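Structure assessment
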Amino acid sequence: MEIIKKLVTIKLLSTIIISLIIISLLANIFFYKPIIIGRSNPGDISNTWYNITSLNLSVLQIPPRINWYDFQYNQSGTWISKLNTQIDVNNSAEYRFVVNISSDQGWDDIEYVNITAWHDQGNDFSTYNQTLGGNLNLRFQYKNTTGTAVWSLLWPTGSEVTESRYSDMVEYDPYGSLAFTECHNLSFSFIPGYQFRYAPGDGAWDNTQNATNDPFSWNFNITVTDSGEDALQESIVWLNDEFGVYYYSEIASAGWPVIVGNPGDNATANTNISLVTRSNCNYSLSVDVDNLTHITYPAAVISRERIWTRGGDLNTSTNFTAISGIIYFYGALGTYHLAENNGSGVTTNDVEYKCNIPIGQMAGDYKATIRYHLITN
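Residues numbered from 1 in each chain as written. Predicted model: local features only at pLDDT ≥ 70, side-chain atom pairs only at ≥ 80, totals over all residues. Heavy atoms only, no water.

Remarks on the overall build of the chain
How we decide: Numbering goes from the N terminus for both helices and strands, where a helix is a DSSP run of H or I of at least four residues and a strand is a run of E of at least two. The rule is simple: take the accessible area with a 1.4 Å probe, protein chains only, and divide by the maximum for that residue type; under 20% is buried, over 50% is exposed, in between is partly exposed. Contact criterion: two residues are considered in contact whenever any of their non-hydrogen atoms come within 4.5 Å of each other. Using a 1.4 Å probe, the Shrake-Rupley method yields the accessible areas, and only the shown protein chains count as cover for residues.
Of regular secondary structure, the chain possesses one helix and 23 strands. Buried residues in the chain amount to 39% of all 377 residues. Considering only residue pairs separated by 6 or more positions, the chain has 71% of its internal contacts joining residues 24 or more positions apart. By element, 55% of the accessible surface of the chain is carried by carbon and sulfur atoms, the whole surface being about 22200 Å².

Rendered as structure tokens:
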């Protein structure tokens, strides 16, 4: 009996195992391809194809090249480099930025050449910012997006800088890279105004090119934008450099005050006069006057202490004393009025003169020399 039970158990287990094997085979056939064992000797294989790989090519956009550049002064028709040195600003001296550019994919790819210049105010890491004013920033543009070049002085728009001349000369590419390479020499000339901001540098100009390493100078940037041949994005190359500016100070004109009055009057000039001054940095403007002397009888004198004046930042009439002698319209001894960020000059049109005529003073015409003194610092 015991033997029969064991036989039944073994038979049952065998049946289960066989069933599982069959199920497993069916599952493999359904989910997986059957394993095919090829013949070990298929015969001749005369050719075959493998079409999975491909040849990949990326055509790079060749950026434009700035071959050379300069900042120059027109000295009687000869252009002299003024990189890393100071220039004069007298509303007549002509200067220019000149840049030589090559494009290996043709000049039609050159869209823009932008030239910006700015007073760094002691910070070599500063950037162009025209909101600071026309005496502190400058921007030229060469635009070539339509096939006809357009030249512009975009900033300043006032009298601070005068456009002069532009030129485009086709040159030979120094490297002769490709058959399609085109090379142009562009120049942007201008005349800075009287108040183009003073820039002394740091006292020791560094002549390293394509660098801004002299604080308190004018930095400039030349940027070339190339559209490429249907490129996904523009290609841009640029460089920086700098130059300086000398002081400029001028009293361009001053009116002639005329006072008419009777002895005992505190007489005021018939009209206020105007002073026109030009300074390209912080400044002070003072005035001094001699005693009034009778033209016919020089012994008759009215002391300068009886003369009063006001104007500019001086709102209250002040007399010339025997001690200091000088009256300031702008600034004071050792302190200075901030330079104008815009404009090519300052017109002070509210200068008033008065004279406290002594009782019993001899009648007649008197004259006193007036001395105005403008200091740029």
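A few points about the nonpolar core
Stated formally: Buried residues of nine kinds, namely Ala, Val, Leu, Ile, Met, Phe, Trp, Tyr and Cys, make up a nonpolar core once their side-chain atoms join them within 4.5 Å.
Of all hydrophobic cores here, the largest spans 35 residues; its most connected members are Phe71, Phe97, Val113, Phe190, Phe220 and Phe243. Of all the secondary structure elements, the ones that give two or more residues to this core are β1 (65–75), β4 (95–103), β5 (110–119), β6 (137–143), β9 (182–192), β10 (218–226) and β11 (235–245). In this structure, Val113 is in contact with Val99, Ile101, Phe140, Gln141, Tyr142, Leu186, Phe188, Ile222, Thr223 and Val224, ignoring residues within four places of it in sequence. Counting 25 residues, the second-largest nonpolar core is a separate cluster that includes Ala269, Val289, Ile302 and Cys355.

Remarks on the side chain of Ser189
Stated precisely, the cut-off is as follows: Within 3.5 Å is the distance limit for a polar contact, defined as a pair of N or O atoms, with the added protein rule that one can donate a hydrogen and the other accept it, and that residues adjacent in sequence qualify only through two side-chain atoms.
Locating Ser189 in the fold gives a position in strand β9. The class for Ser189 is buried, based on a relative accessible area of 3%. Polar side-chain contacts of Ser189 include one of 3.1 Å to the side chain of Glu94. Within the structure, Ser189 has its side chain in polar contact with the backbone nitrogen of Arg165 (distance 2.7 Å). Once you skip the residues sitting within four places of it in the chain, Ser189 turns out to touch Trp79, Glu94, Tyr95, Arg96, Phe140, Glu163, Ser164 and Arg165.

Points about the sheet that holds β1
Think of a sheet as strands paired side by side through backbone hydrogen bonds, with each pair either parallel or antiparallel. Threshold: DSSP-based pairing: two strands are paired if at least 2 bridges between them are found. Here the axes come from fitting lines to C-alpha atoms, over the contacting stretch only for helices, and the angles between their N-to-C directions go from 0 to 180 degrees.
Read across the sheet, five strands follow the order β2-β1-β4-β9-β8 without closing on themselves; strand pairing throughout is antiparallel. The outermost strands of the open sheet, each flanked by one partner alone, are β2 (78–81) and β8 (161–171). Adjacent strand axes in the sheet meet at a mean angle of 30° when their direction is disregarded. By the bridge criterion, four bridges tie β1 to β2 in an arrangement that is antiparallel. Of the residues in β2, the one forming a bridge with Asn74 is Trp79.

Some details on the packing of aromatic side chains
One pair of aromatic rings is described through two measures. These are the centre distance and the angle between the planes. Going by this rule: Put simply, two rings from Phe, Tyr or Trp (the six-membered ring, in Trp's case) pair if the centres are within 6.5 Å, and we call them stacked under 30 degrees between planes, edge-to-face over 60, tilted for the rest. Note on geometry: a ring has a charge over it if NZ (lysine) or CZ (arginine) is within 6 Å of the ring centre and within 35 degrees of the ring normal.
Under the criterion given, the structure shown has 26 aromatic pairs. Consider the rings of Tyr73 and Tyr95, whose centres lie 5.3 Å apart with planes at 35°: the pair is tilted. Within this pair, whereas Tyr73 is found in strand β1, its partner Tyr95 is found in strand β4, the two being separated by 22 residues in sequence. Above the face of the Tyr194 ring, Arg278 is positioned so that its terminal group lies 4.0 Å from the ring centre.

Quick notes on the confidence of the model for the chain
What counts here: Confidence scores per residue from the predictor, reported as pLDDT, run from 0 to 100.
A residue-level look at the chain finds 86% of positions with pLDDT of 70 or above and a mean pLDDT of 89. With pLDDT under 50 throughout, residues 3–8 is counted as low confidence; its partners more than four residues away or in other chains account for zero contacts.

Overview of the pairing of strand β14 (residues 273–279)
Counting buried positions along β14 gives five out of seven residues, so the element sits mostly inside the fold. Relative to β14, strand β12 (residues 249–254) runs antiparallel, the two being bridged by five bridges. Directly across from Ser253, in β14, lies its bridge partner Val276. Note that β14 and strand β21 (residues 346–356) share four bridges and pair antiparallel. By the bridge assignment, Thr277 is partnered in β21 with Val346.

Section: the sheet that holds strand β7 (residues 150–155)
An order of β3-β11-β10-β5-β6-β7 is seen for the six strands of this open sheet, with the pairing classed as mixed. The open sheet has two edge strands, β3 (86–87) and β7, and neither has a second partner. Pairing of β3 with β11 involves two bridges; the strand directions are parallel. Across the sheet, Gln86 pairs through a bridge with Gly244, a residue of β11.

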